[in-house]
Amino acid sequence: AAGIPVKERVKVSQNWRHGRCRRETVLKWKCKQVAPFSFLMPWMELDGEYLYLSQAENIQAYRLCPDGTGLQRHPQAIFSGHQEDVCRFVLVNSHIVSGGGDGNIVLHKIHGSYSVKFSAHEQEVNCVDFQGGLIVSGSRDRTAKVWSLSAGRVGQCLHTVQTEDRVWSIAISPLLSSFVTGTACCGHTSPLRIWDLESGQLLTSLGTDFHRGAGVLDVFYETPSLLLSCGYDTYIRYWDIRTSTRKCVQEWEEPHDSALYCIRSDKNHMIASGSSYYGVVRLWDKRQTRCLQSFHLSSPTSSPVYCLRFSTTHLYAALASALHVLDFTA
């Protein structure tokens, strides 16, 4: 919020709280249906002046308009290398690390032509994270792996963790000592587990008594000890590893019983979640039990919100065939 006058900041804050915003569909693409029930599942990252969006096997960089009116319609750069759809990617320190349906991991340097590609898993790489010279990846093949990116060892697998379940989400702790996996909760009773980054050993499981199929689709570290998770069982959970690994400190239930595909927080009081039906984005205040605001972005056809990101003034939501933006400066 630096550079925004105080009066404007107060107005924007009130707009978030009351759900006052201008909505716009800034990009549309053809909804590619490869097989029955198989659709494009876009992912994105925000980085200052650019929004990076995966569409099929490519990641495209779109420049955000300086006046805050969305983004330029033509990509400034395209990052390719996968033979099949990009499942997820992260943007860290001017590098893009992506996992794809082809089982490969691709690393791009944003400024420059340097890229590395290596075969990582036997089935699609559902999720990746990258911190401190290490990549972690999770796959449908029921493993999570730790990869080196240090000179001379790029693409070398350091650990293979047998998760007994397909891995839907993964994140490295900000302390770079451990990582969390969110799994399908079908073959193993605990969908949220924390592993040691150096040894690959299980450190702890979070929560108890999960129903079968309560898979965790997204995880987000706020601090080394505070973690948010969401997934098929319709709950957002807030974990404080210092107080308890058995019980979360807070939970919020999606009011319409929809699976939650993605989650983000401002690392303060606000959480945004994207649900599986009708492009519903909800805003939550951690100090309240009920949802603060909700926005329905897709009708009459129903699409999940596959990914969302927000800045102090805008929220971006990627659905099956379009990118929507909510502008809270209006």
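Just so it is clear, the structure is predicted and the values come from calculations on it, not from any experiment.

As a further point, take the sheet that holds strand 17 (residues 202-205). Within a sheet, adjacent strands bond to each other through the backbone by hydrogen bonds, running parallel or antiparallel. Pairing within the open sheet is antiparallel, and its four strands lie in the order 14-15-16-17. With partners counted over all chains shown, the strands left at the sheet margins are strand 14 (167-172) and strand 17, one partner each. Sheet twist, expressed as the mean angle between neighbouring strand axes with direction ignored, is 25°. Judged from the three bridges that link them, strand 16 (residues 192-196) and strand 17 form a sheet pairing that is antiparallel. Its bridge partner being in strand 17, Ile194 is matched across the sheet by Thr204.

As annotated by UniProt and renumbered to match this structure, "repeat: WD" (unreviewed entry) occupies residues 118-153. Each end of residues 118-153 is marked by a C-alpha atom, and these two atoms are 12 Å apart; helix forms 0% of the span and strand 58%.

A word on helix 1 (residues 6-18). End to end, helix 1 covers 18 Å across 13 residues, agreeing with the expected 18 Å (1.5 Å per residue, within 8%). Every buried residue belonging to helix 1 is among Val12, Asn15 and Trp16, and all of these are buried. Viewed along the axis of helix 1, the buried residues span an arc of 100°, placing them on a single side of the element. In helix 1, the exposed residues that point more than 90 degrees away from the buried face are Val6 and Lys7. At its buried positions, helix 1 is contacted by strand 23 (270-275), strand 24 (280-285), strand 25 (291-296), strand 26 (307-310) and strand 27 (314-318).

Once that is clear, we can look at the domain arrangement of the chain. In terms of domain boundaries, the chain breaks down into domain 1 (1-29 + 281-329) and domain 2 (30-280). When each unit is reduced to the centre of its C-alpha atoms, the spacing between domain 1 and domain 2 is 21 Å. On the side of domain 2, 46 residues touch domain 1, which itself brings 43 residues to the contact. At the boundary of domain 1 with domain 2, total buried surface from both sides reaches about 4100 Å², with 64% on carbon and sulfur atoms. When the area that domain 1 buries against domain 2 is broken down by residue, the three leading residues are Trp284, Lys286 and Arg309, summing to 24%. Viewed at the interface, domain 2 and domain 1 are joined by four salt bridges. A salt bridge links Arg282 to Glu254; its shortest N-O distance comes to 2.5 Å. Our enumeration of links across domain 1 and domain 2 arrives at 22 residue pairs in polar contact (both at pLDDT 80 or more). For the side of domain 1 that touches domain 2, the elements supplying multiple residues, two or more each, are strand 1 (22-28), strand 24, strand 25, strand 26, strand 27 and strand 28 (322-327).

This paragraph deals with the nonpolar core. Core analysis: the biggest nonpolar cluster contains 27 residues, and Met44, Tyr52, Leu53, Leu71, Ile96, Tyr316 and Leu323 have the highest contact counts within it. Mapped by element, the contributors of at least two residues to this core are strand 1, strand 3 (50-55), strand 4 (58-63), strand 6 (86-92), strand 27 and strand 28. Examining the composition of this core, we find that four residues originate from one element, strand 3, more than from any other. Split by domain, the residues of this core number at least three in each of domain 1 (1-29 + 281-329) and domain 2 (30-280). Setting aside chain neighbours within four positions, we find Leu71 in contact with Val26, Leu27, Tyr62, Arg63, Leu64, Cys65, Tyr316 and Leu323. Listed in part, the 17 residues of the second largest apolar core include Ala272, Leu297, Leu319 and Phe328.

To continue, consider the sheet that holds strand 8 (residues 104-109). Ordered by their spatial adjacency, four strands build an open sheet running 6-7-8-9, and the pairing between neighbours is antiparallel. Two strands close off the open sheet at either side, each with one partner strand: strand 6 and strand 9 (115-119). For this sheet, the mean angle separating the axes of adjacent strands, direction not counted, is 15°.

Rules behind the numbers
- Residues numbered from 1 in each chain as written.
- Predicted model: local features only at pLDDT ≥ 70, side-chain atom pairs only at ≥ 80, totals over all residues.
- Heavy atoms only, no water.
- Pairing = 2+ DSSP bridges.
- Helix = DSSP H or I, 4+ residues; strand = E, 2+ residues; numbered from the N terminus.
- Axes fitted to C-alpha atoms, helices over the stretch in contact; angles between N-to-C directions.
- UniProt positions renumbered as here; feature names shortened; annotations may be inferred.
- Expected span 1.5 Å × (residues − 1).
- Buried < 20%, exposed > 50% of the residue type's maximum accessible area, 1.4 Å probe, protein only.
- Arc of directions from axis to C-beta.
- Contact = heavy atoms within 4.5 Å.
- Domains from an automatic or database assignment.
- Buried area = accessible area lost by both parts, 1.4 Å probe.
- Salt bridge = Lys/Arg side-chain N within 4 Å of Asp/Glu carboxyl O.
- Polar contact = N/O pair within 3.5 Å; in protein donor to acceptor, adjacent residues only side chain to side chain.
- Core = buried A, V, L, I, M, F, W, Y, C linked by side-chain atoms within 4.5 Å.

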